[in-house]
Amino acid sequence: MALAFAVPEVAENLNGWGPAADSVPSQLEHVPYAPFSKSDRVGRASDWTGQAFKYNSGRFDRNNTGGNAVFNFFHNEDEDSFHLVDTRPPPRPKYGARRFQQRFQRRDRDEGRRDGGRDSGAGADRERQRRERLQQQKRGQWNAYWQDKNAPRNVYNSSVDIRPEWSVLEQIPLTSLSKLSYDVGEPEDITTCGTLDYYDKGCDRVTPKTERVLERFENRQFYKVTTTDDPVIRRLLLESEDVGTVFATDAILSTLMCAPRSVYSWDIVAQRVGNKLFFDKRDSSFDLLTVYETAQEPIPEDKESINSMHSLSQEATFINQNFSQQVLQKEGKKYEFKEPNPFASETEEVAPVAYRYRKWKLDEETTLVARCELHSVAEVKGQEILLTVNSLNEFDSKITGVDWRQKIENQRGAVLATELKNNANKLAKWTAQAILAGAEQMKLGYVSRVHPKDHYNHVLLTVQGYKPKEFAAQINLSVNNMWGILKTVVDICMKLDEGKYLLVKDPNKPIIRLYSVPTDAFENDYAEEPLPEDEQAPPPPESEEQTEQTEEKDADLEI
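Residues numbered from 1 in each chain as written. Predicted model: local features only at pLDDT ≥ 70, side-chain atom pairs only at ≥ 80, totals over all residues. Heavy atoms only, no water.

Visitor: Please explain the overall build of the chain as it appears in this structure.
Guide: In terms of regular secondary structure, the chain is built from 13 helices and 17 strands. The buried share of the chain, taken over its 559 residues, is 37%. Surface summary for the chain: the accessible area is close to 35,500 Å², and the carbon and sulfur share equals 48%. (Helix = DSSP H or I, 4+ residues; strand = E, 2+ residues; numbered from the N terminus. Buried < 20%, exposed > 50% of the residue type's maximum accessible area, 1.4 Å probe, protein only. Areas by Shrake-Rupley, 256 points an atom, 1.4 Å probe, with all protein chains shown as cover.)

Here's what the structure looks like:
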């Protein structure tokens with residue numbers, strides 16, 4: 001037998017929202033009702049703890065109009081029969097300000113007794129002053145920590161515009177790369193090209209009191225050719241296909257090897273052709289040097305300022321090129337290699353640079369071939385040693401916190417420590433390139449502006465030499481970790497199908513993403529105009545575990 005279902009009568013309210021006053025059932029006439037509108041944010045069906053959250057207004061309380069006040073409880077009748085039985089005073093806090101003060105006084109009195117009762121002498125005063133300084137220092141550290149924690153974070157732009165049609169194939173967290181280790185044997189030289197000038201030893205005697213004006217070599221050409229455009233690598237592949245499996249330059253390899261220290265965004269093109277893997281740079285901005293990259297206070301991105309991030313990168317690159325030419329002997333003998341410079345032409349003045357094409361055996365099936373640069377040669381104790389030459393630049397001592405002209409002669413270690421803190425990635429990349437090229441020594445020049453507001457004229461303050469492997473140990477750069485990072489990236493790329501891919505360092509997170517891009521990408525003005533930020537492809541969502549690890553890593557770095 002089927003049961004009949006009666007549809008209840010629904011009253012329509014034409015003048016408002018909710019039930020009309022004359023349509024309320026008799027059993028619900030005395031139940032309070034809080035009116036609301038469609039635009040209100042209804043966060044909960046019933047709030048039993050409303051008083052507990054009166055100081056913690058969240059997103060549900062922004063449009064609170066007091067409609068829920070009808071549900072509040074009001075106690076109108078006073079209970080006169082209630083009396084307080086326990087009249088004892090409330091206990092004092094166990095660890096109040098007085099307790100701390102009494103404890104320090106007792107400790108001072110006990111220490112005075114151990115000292116034979118001399119608790120009011122000069123020694124006791126110095127001890128009290130020392131403890132006050134320590135306490136003030138700790139308070140300052142905590143205040144600085146919380147101020148930095150609440151400070152707005154700087155947001156950087158990506159080095160390449162991520163297109164919507166690109167797909168993410170892999171995400172590599174940089175925190176996992178710092179724990180890798182891999183041992184690679186000694187390299188083998190395939191061929192050497194170019195000509196080197198001898199190093200001018202008079203530059204080692206330059207001091208801030210005898211500073212030299214930095215010359216400009218605007219007519220000399222500095223070639224930074226990418227891997228697939230290198231004629232020597234093409235010739236080696238034509239002569240023997242078994243010459244190598246992975247091909248790159250020392251600049252690209254050092255970027256990958258020192259990726260955990262990088263902060264700014266960068267990108268590297270990876271091409272799989274048959275069983276070969278080629279690492280290329282996308283454009284010339286890859287060769288610009290970074291300035292103040294790993295500092296606690298980032299450089300602003302004001303393009304009109306001479307101290308903006310892009311302006312300082314261009315300035316540092318030009319200084320590095322001019323310095324590498326000024327430290328060479330103007331006239332004298334030259335150091336010739338087996339083959340001439342493959343990029344030089346008869347009509348242009350080319351900077352003297354040598355290239356060593358070397359190969360490393362990563363495993364039984366993978367051989368790395370790389371082009372490495374050398375900048376000069378010097379005679380030391382009757383022997384000729386190969387050098388790499390780079391320069392650090394000072395742009396404003398008020399920003400960096402250390403005045404090179406005052407401290408570089410007597411406190412050179414403090415100056416270098418400041419540069420290691422502010423430019424850790426750049427120094428690590430220079431050290432990695434010197435190790436890859438097999439240089440016996442790397443020269444670091446210290447160049448400063450003539451005036452902080454003049455970014456065109458510079459002076460050389462001093463030059464310091466280091467052995468690459470010893471300097472790597474000094475800056476905590478592990479050679480085995482460098483090769484472990486490279487081996488991991490190579491193994492990931494060797495598993496890919498034939499095609500073109502892009503490795504991109506996230507501009508604001510310690511993550512490297514591997515994108516699959518079209519074969520004609522970055523050719524013939526593939527991306528003519530940069531995409532707006534709202535049209536760029538967003539990064540894939542992270543898992544909760546990765547997010548927690550990233551937050552813990554950021555908290556450790558802040559502390």
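Now that the structure has been shown, the text picks up again.
Visitor: What should I look at first to understand helix α5 (residues 250–257) in this one?
Guide: For the α-helix, the turn length of 3.6 residues means that residues three or four positions removed from each other point alike. Burial within α5 is extensive, with seven of its eight residues counted as buried. The complete set of buried residues in α5 reads D250, I252, L253, S254, T255, L256 and M257.

Visitor: For this particular structure, what's the right way to read the sheet that holds strand β15 (residues 454–466)?
Guide: What holds strands together in a sheet is hydrogen bonding between their backbones, with the strands either parallel or antiparallel. Pairing is mixed across the open sheet formed by five strands, whose spatial order is β3-β15-β14-β13-β12. Strand pairing shows two members of the sheet lacking a second neighbour, β3 (212–213) and β12 (376–380), which therefore form its edges. Here strand β13 (residues 383–394) runs beside strand β14 (residues 441–451); their pairing, made up of eight bridges, is parallel. Of the residues in β14, the one forming a bridge with E394 is S448. Packing against the sheet, helix α9 (residues 412–422) makes contact with β13, β14 and β15, and its axis sits at approximately 115° to β15. (Pairing = 2+ DSSP bridges. Contact = heavy atoms within 4.5 Å. Axes fitted to C-alpha atoms, helices over the stretch in contact; angles between N-to-C directions.)

Visitor: So what exactly am I meant to see when it comes to the nonpolar core here?
Guide: It is characteristic of soluble globular proteins that their nonpolar side chains tend to be buried jointly. Counting 78 residues, the largest nonpolar core has F279 and W483 as the members making the most contacts within it. In terms of residue count, helix α10 (residues 424–437) provides more of this core than any other element does, eight residues in total. Apart from residues no more than four positions distant in its own chain, W483 is found in contact with Y182, V184, M257, W360, L362, L368 and L436. In this structure, V225, F247, V353 and V369 belong to the second largest nonpolar core, which totals 15 residues. (Core = buried A, V, L, I, M, F, W, Y, C linked by side-chain atoms within 4.5 Å.)

Visitor: What should I look at first to understand the side chain of N423 in this one?
Guide: By the secondary structure assignment, N423 is in the loop between α9 and α10. Judged by relative accessible area, N423 falls into the buried class, the value being 5%. Here N423 is in contact with T290, V291, Y292, E293 and T294, once residues within four sequence places are set aside.

Visitor: Just to check I follow, could you spell out the pairing of strand β16 (residues 499–505) for this structure?
Guide: Both faces of the sheet carry side chains from a regular strand, because those side chains alternate between them. For β16, the tally of buried residues reaches six of seven residues, placing the bulk of the element in the interior. Pairing geometry for strand β6 (residues 267–273) and β16, over six bridges, is antiparallel. Looking at β16, one finds that V269 is bridged to L502. Both β16 and strand β17 (residues 511–517) contribute to a ladder of six bridges, which runs antiparallel. From the neighbouring strand, K500 faces β17, where its bridge partner is V517. Adjacent in sequence and paired antiparallel, β16 and β17 are bridged by five residues.

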